[in-house]
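# Summary of the model geometry
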Amino acid sequence: MEKILVLDFGGQYDQLIARRIRSAGVYAEIEPYSSLSLSGLKARGYSGIVFTGGPDSVYEPGAPSFDPEILGAGIPVLGICYGAQLMAFLAGGEVGPAESGSEYGRAELRLCGGEAGAESGSAPGADGGGPACALFEGVPAESVCWMSHTDCVRELPEGFVRAASTPGCLNAAFYDPSRSLYALQFHPEVTHTEFGQRMLVNFVYSVCGCSGGWTAGDIAASTVSRLREELAGKRVLLALSGGVDSSVAAEMLRRAIGDRLVCVFVDHGLLRKGEADLVERAFRPRLGGGLIRVDASERFLGRLAGVADPEEKRKIIGEEFIRVFEEEAGKLGHIDALAQGTIYPDIVESGKGGAAVIKSHHNVGGLPERMGFSEIVEPLRMLFKDEVRQAGLELGLPEELVMRQPFPGPGLAVRITGEITREKVRLLQEADAIFREEIDAFLRTEGGFRADQYFAVLTDTRSVGVMGDYRTFGYTLALRCVTTDDFMTAEFTRLPWDLLERVSGRVTGEVPGISRVVYDVSSKPPATVEWL
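Bear in mind the structure is a predicted one, so any value in this text is a computation, not a measurement. (Residues numbered from 1 in each chain as written. Predicted model: local features only at pLDDT ≥ 70, side-chain atom pairs only at ≥ 80, totals over all residues. Heavy atoms only, no water.)

## As for the side chain of D452
- Within the element layout of this structure, D452 appears in the loop between helix 13 (422–445) and strand 17 (453–467).
- A distance of 2.6 Å separates the side chain of D452 from the backbone nitrogen of T484, its partner in a polar contact.
- Setting aside residues no more than four positions away along its own chain, D452 makes contact with Q405, P406, V482, T483, T484 and F487. (Helix = DSSP H or I, 4+ residues; strand = E, 2+ residues; numbered from the N terminus. Polar contact = N/O pair within 3.5 Å; in protein donor to acceptor, adjacent residues only side chain to side chain. Contact = heavy atoms within 4.5 Å.)

Here you go:
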């Protein structure tokens, strides 16, 4: 099978690179840079390699690196951001802090001639300086790319030619066609780079010579087959939240191990309005006695009393989940493994490998060191949300279940800023239900409108208001709605003003205690989809 290696140097978008390549019809897998030797890498028969981004500086002692011989191994290599700098550094180029300062966000990309110092604006290779850069086939001379770097390649190594520049980065793209080495200082994998997918497709097909044919539908069948083999004879307890991820994980495990699967649904008192009953109605027919519902709301709210720090909230919730699962496992007899619906963005944001910690997810960075399970099973840990949904549909799960709104495991705890109280939870449940109800009704009548995730956040900010002739001093509610393909990047949704006005009127009129409503117009990055 054709496959591309994404060699992980600790970047935040590593799995997104793999997902983009998979969507182009070629399988891609990720390995940490420290887990493979050059000989081991060659033995796996990769069609091409991608060096990912990362938070380090290549010239600092101890910075992530790789065997320089890889550049002459005859395998096509694409370096992205840190990976581009590393390629130049290993080949003898000069890398250092950008003289013009850091470059983050949107940048105007201009293609250059095929030699160092060529006048920008001409097609690569057009001035006779060498063959055209294969990455830019079908890409216009001027477009938009997405930058995120402090360092840059100051001097190109011998044998490399410049392919593109931005106002803040002379060597935004460069290549050595004789060795099939290509480098992009910007991020082609994010949707903000206009022709980024075209560049990745060009690398996979034109440079690496792949023929394609791999489909996302292969994920479900291959995962079930792997789980059947790995969990032969084992009993597994699945932490079922009722969300998309744990639901798909449950169906995969049910098919793989049958009645050796027990699903425990913990109502931690931080679910959306009516959520607990909805989950039981959806899963009882599928799982029967294999579904156990536990009401632990008092336990969780008690542990969270007085806690305001979001990281501490996540860790408390992660530990309490594990303790409940341990107790339930003790009632069931011997349980070999705990299964979770962890997906890759959870791992990335929790600090996978060398990646920086964005926020600890309760099922990754929030797990306690001491656990009563000998094994953790995460069937979806290498998948993005859209791939999870595709897998769920392949498995025959109902579309209304697979396509439902994402909901974080810690629930409303990460949608309430400051201390959590039962009253705050009630306020948010009511307000969030109104917002989702209005959005759902709007989407049913506006067929061409898209909104991928929408929810409310109860802030700890209180402000003065007036109702009738009386002064009020209520909380401020923030509304969040985003459009995204992969949940690694997202744009805030341009909701109509009359819709927002209707939501605000209903919330302030129907939920006493909330006196002000605001709309979040932040995109990801720099913000995350969830607030906490």
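Structure's up, so let's keep going.
## As for the sheet that holds strand 12 (residues 236–239)
- As summarised here, the arrangement of the 5 strands in space is 14-13-12-15-16, forming an open sheet in which the pairing is parallel. Only two strands of the sheet have a single neighbouring strand rather than two, namely strand 14 (291–295) and strand 16 (376–377).
- For strand 15 (residues 337–339) and strand 16, the ladder comprises 2 bridges, and the chain directions are parallel. Bridge pairing in strand 16 links A339 to V377.
- Where helix 9 (residues 310–332) meets the sheet, it contacts strand 12, strand 13 (261–267), strand 14 and strand 15, and its direction lies at approximately 135° from that of strand 13. (Pairing = 2+ DSSP bridges. Axes fitted to C-alpha atoms, helices over the stretch in contact; angles between N-to-C directions.)

## Considerations on the pattern of salt bridges
- The final tally for this structure, using the stated rule, is 38 salt bridges.
- When the shortest N-O distance is used, the salt bridge between E320 and R303 registers 2.5 Å. Residue E320 is located in helix 9, and its partner R303 is located in helix 8 (residues 297–304); the two are separated by 17 residues in the primary sequence.
- Residue E320 is classed as buried on the basis of its relative accessible area of 7%.
- According to the relative accessible area criterion, R303 is partly exposed, its value standing at 35%.
- Here E328 ties to K331 by a salt bridge, and the two come within 3.1 Å at their closest N and O atoms. Of this pair, E328 and K331 both sit in helix 9, 3 residues apart, roughly one helical turn.
- With a relative accessible area of 8%, E328 lands in the buried category.
- On the basis of relative accessibility, which here comes to 64%, the residue K331 falls in the exposed class.
- Here the residues in one salt-bridge network are E437, E438, R502, R506 and E510, joined through shared partners. (Salt bridge = Lys/Arg side-chain N within 4 Å of Asp/Glu carboxyl O. Buried < 20%, exposed > 50% of the residue type's maximum accessible area, 1.4 Å probe, protein only.)

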